[in-house]
Amino acid sequence: MKDTFQSRSTLTVGGKQYSIARIPALAKRFPGIARLPFSIRILLENLLRTEDGETVTAADIESVATWNPKAKPSKEIQFTPARVLLQDFTGVPAVVDLAAMRDAMRRMGGDPKKINPLQPAELVIDHSVQVDHFGDAHAFGRNAEIEFDRNRERYAFLRWGATAFRNFKVVPPDTGIVHQVNLEYLARVVMESTSGELWAYPDTVVGTDSHTTMINGLGVLGWGVGGIEAEASMLGQPVSMLIPEVVGVRLSGRIPEGATATDLVLRVTEMLRKHGVVGKFVEFTGPGLAELPLADRATIANMAPEYGATCGIFPVDASTLEYLRLSGRSPERVALVSAYMKEQGMFHTSASPEAEYSELLTLDLATIEPSLAGPKRPQDRVRLSDMKRGFEEALESLGGKKPPKPAVSPQSVGRLESEGGAATAVELAQHEPYALVNIDGEECALEHGSVVIAAITSCTNTSNPSVMVAAGLLAQRAVEKGLTRKPWVKTSLAPGSKVVTEYLKHAGLDKALDALGFNLVGYGCTTCIGNSGPLPKNVSVAIDECGLVAAAVLSGNRNFEGRVHAQVRANYLASPPLVVAFALAGHVDIDLTTEPLGTGKDGKPVYLKDVWPSAKEVGDVMAKHVRSEMFESSYAGVFAGDERWRGMQVPQGDTYAWDEKSTYVKHPPYFVDMPAQPGQVSDLSGARVLCYFGDSITTDHISPAGSIKPQSPAGRYLQELGVTPADFNSYGARRGNHEVMVRGTFANTRIKNKLVPGVEGGETVHVPDGERMSIYDAAMKYAQKGTPLVVIAGKEYGTGSSRDWAAKGPFLLGVRAVIAESFERIHRSNLVGMGILPLQFVGGQSGETLGLTGHETIAIDGITKAIEGGFEPGTRLSIRARSDDGKEKKFEALLRIDTPNEVQYYRHGGILQFVLRRLVRA
């Protein structure tokens, strides 16, 4: 620490003396720091503590201390997170890359042990459990057993990583969801250094899941990054960022009776996405903070990626300390957090001065009302009372038609027997698609809008006792009145930690949930990540044969096309109690504010208002049954795992013994034959368009996490290796095998490529000969001729999860540039981190307005000058698109390499190559 501003001081708490970088020491020189946003103060402390005169300079610190809320981001700083958080879908390829870097380090004459996390890195296995079994008391055990059998190779590899790398820990499967485990156990709020001098400093984190922002609810600054950025952070590389704009959201009032924290976050998501906060920090303030318990704050913070912000942070206050005590943190930890934040002037009270913000929005909590979001995007909020009309209006865009209902005629509908035989559905012009399905001896009618999945899942809401207790109380009343779930609904309960099942059981609410089919299926992301498992066979056949637009209702944070289930086109996010309600109703084209859920045992209709619990009832149950000792017991042996985990045979050694026969973990190609110095960057010529997309292409479209189709390139590859379709597992589970993932790139069943209009799925045209084929096959055919590839896209390219494979896959396909109208923050940086140029149309132009067909030959000029000639933000490159008849269109695009560090990453072919070369020289 260089300490230009003489901020170094000491703090004594509980008999321990800590060194701190004291922010108030700057007050005389920079009087404006008293009104800096909470998040900017965290950045200021980070720079004060890490000042070295090179990576972090006095000028950097002054830029943050004098932060101008009205300035557009232009000043780059180097932020050093305190720790790194991973989950297994994105964590496995990160550890694979680190293992490959150790091999490369040894080959290049360096010490493999230099490839090692320099600060705490924790991985939670939570994305691998699938809902194969549901609706009975044995579902959890069966799913856990199947999960372990499917993923044994991956888990052995992670066990090796936990022994080979320092500062790396793994939370075993069947424990919880990464963000909820982080909130309830891993987060420190204030860190204590464990090597050398004892320091105290704010807990900050980057994670390989975009919903890392959930921890912002606890006052911890953190956000999602790509796996490649996380690996660099683990290896000591700071995160290069521009000093951000901070949008304040002033909360007032309190949530009214009948509404939930889920309804609040859906309103916030709608409001902020509409306002536009991409790439900005969002910070919550105002008198309404006192009305929001910490679990509600975490729910709002969790969905920062959905409203587009880098983070959605709340300050540390009395509610933070209360939650730390509730969740079983030690009295010493609580005392340190309290003392440190107060010493730094960062502890929020009603008397705290309100910070200055780049923009200040307002939200009255009293205006929140029961809502869902869908059917394809989390920002598309639908009032509960508007669901019927909303679904009908969206139906055509989902691929369905909705003429008036006729009288039910068995001669004009599909009839599917319980044996699961082929459907004989007939769709007559005057009839709506419709199927009669025999389920457990009962003939059930399936149609557009039938709810086939109702899942209480995801860290977003299962971390919040208020909505989980509300779901249990609603279920209890529904059972008392004689209601049951509809037979065609696949129900599941997948909480984010064992604490949830503890308090539900303690309150006796588990029995009612079980009675309605919401039995525990696993502790993991399940439906929200696409691990919803297969639908019952008759239901599946009915959907396909009759062309039904089936629906899912889940308490998750993502509902993008093809994510929840390949056969389910309408997906709605909802609070846990509404998930239960729609399982009872059985369809989404219903107004639950006026229409009944069903008929009770007394023969009378039962309405939602008849079973909805009051806020007081929910609060009373929470006060009595959510206890600190539940957190303490659930996390007592969090890293130990069960007998299967502890009994695994684990490879030994500093470098990994790669198994050539493995179909899960393979040595990646990124560092093979990598020279000691990077080569000359060149312009791009003779490129072809591999894909031409419209707006809102998500990372789920680019790199799906769900099921692998037998006829897909990835499916054919696995079958050639002797893997049967029953053992395919998911794309997400096979991210440690680049051969699977490159074949799965752009393989989402709902992706639409303008080169093959009217077609859904991962297909394109090999332009020179006009042959239609899979995107992977076309890329390999281009590769044989050495043809570089580009992707053209519309707005919001790369929204969604922070998937490094959404950049790695295109790179391995041969994509060298993506030209889009706009990019989501994480994906843009991931592209740079893999050596792919992100280019943005300017002046309102797009592929459409320029008249591009995707059949042109593309040349991009000015790359060499921009990269080798010195960094200048806002650089534009010249693009020439030549059609087969020789006509040429010229236009400019903005080079979205945003910082000097990113220039270096691109020069080296990627961020990991840059870091590896530095470590070899060190």
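Before reading further, recall that the structure is shown in the block above.
First, a word on scope: everything that follows refers to the structure included in this document. Remember, it's a predicted structure, so these values are computed and weren't measured experimentally.

Taken as a whole and judged by the stated rule, the model has 21 aromatic pairs. Relative to Phe168, the ring of Phe165 lies with its centre 6.4 Å away and its plane at 85°, an arrangement referred to as edge-to-face. In this structure, Phe165 and Phe168 share a single accessibility class: buried. Ring-pair connections join several aromatic residues into one group, and the members of that group are Phe157, Trp160, Phe165, Phe168, Tyr656 and Trp658. Here Lys609 stacks its cationic end above the ring of Tyr607, 5.9 Å away from the centre of that ring. Here Arg734 stacks its cationic end above the ring of Tyr664, 3.9 Å away from the centre of that ring.

Where side chains of opposite charge bring their charged atoms close, a pairing between them can arise. A complete count under the given rule lists 58 salt bridges for this structure. Between Asp60 and Lys75 there is a salt bridge, with its nearest N and O atoms 2.9 Å apart. With Asp60 in helix H2 (residues 58-65) and Lys75 in the loop between H2 and strand S3 (76-79), the pair connects residues that are 15 residues apart, well separated along the chain. By relative accessible area, Lys75 is classed as partly exposed at 30%. Linking Arg383 and Glu369 is a salt bridge whose minimum nitrogen-to-oxygen distance equals 2.8 Å.

An order of S27-S30-S31-S32-S35-S34-S33 is seen for the seven strands of this closed barrel, with the pairing classed as mixed. Going from strand to strand, the sheet's axes swing by 40° on average, the running direction of each strand aside. Sheet topology places strand S30 (residues 789-792) next to strand S31 (residues 815-820); four bridges connect them, and they run parallel. Residue Val790 lies in a different strand from S31, and its bridge partner there is Ala817.

On to the environment of Ile228. Tracing the backbone shows Ile228 in helix H7 (residues 227-234). Under the relative-accessibility criterion, Ile228 is labelled buried at 1%. Residues Ile228 and Thr204, spaced 24 residues apart in sequence, show a C-alpha to C-alpha distance of 18 Å. Ignoring sequence-local partners within four residues, the contact set of Ile228 consists of Asp97, Asp804, Lys808, Asn830, Gly833, Met834, Ile911 and Leu912.

This next bit is on empty space enclosed by the protein. Enumeration over the complete set of coordinates arrives at seven cavities of 30 Å³ or more. Taken as a whole, the largest cavity spans an internal volume of roughly 110 Å³. What lines the largest cavity is a set of 13 residues, and nearest its centre among them are His211, Cys525, Cys528, Asn557 and Arg563. Here the residues of the lining of the largest cavity are counted per class, giving four nonpolar, six polar and three charged. Taken as a whole, the second largest cavity holds about 80 Å³ of empty space. The wall of the second largest cavity is formed by Ser210, Pro305, Gly308, Ala309, Gly800, Glu824, Arg825 and Ile826. The class makeup of the residues in the lining of the second largest cavity is three nonpolar, three polar and two charged.

Cut-offs applied
Residues numbered from 1 in each chain as written. Predicted model: local features only at pLDDT ≥ 70, side-chain atom pairs only at ≥ 80, totals over all residues. Heavy atoms only, no water. Phe/Tyr/Trp six-rings, centres within 6.5 Å; stacked < 30°, edge-to-face > 60°. Buried < 20%, exposed > 50% of the residue type's maximum accessible area, 1.4 Å probe, protein only. Lys NZ or Arg CZ within 6 Å of the ring centre and 35° of its normal. Salt bridge = Lys/Arg side-chain N within 4 Å of Asp/Glu carboxyl O. Helix = DSSP H or I, 4+ residues; strand = E, 2+ residues; numbered from the N terminus. Pairing = 2+ DSSP bridges. Axes fitted to C-alpha atoms, helices over the stretch in contact; angles between N-to-C directions. Contact = heavy atoms within 4.5 Å. 1 Å grid on protein atoms, 1.4 Å probe; cavity = no way out; pocket = protein on both sides within 12 Å on 5 of 7 lines; lining within 4 Å. Points joined across faces, edges and corners; volume = space filled by probe spheres on them. Nonpolar A, V, L, I, M, F, W, Y, C, P; charged D, E, K, R; others polar.

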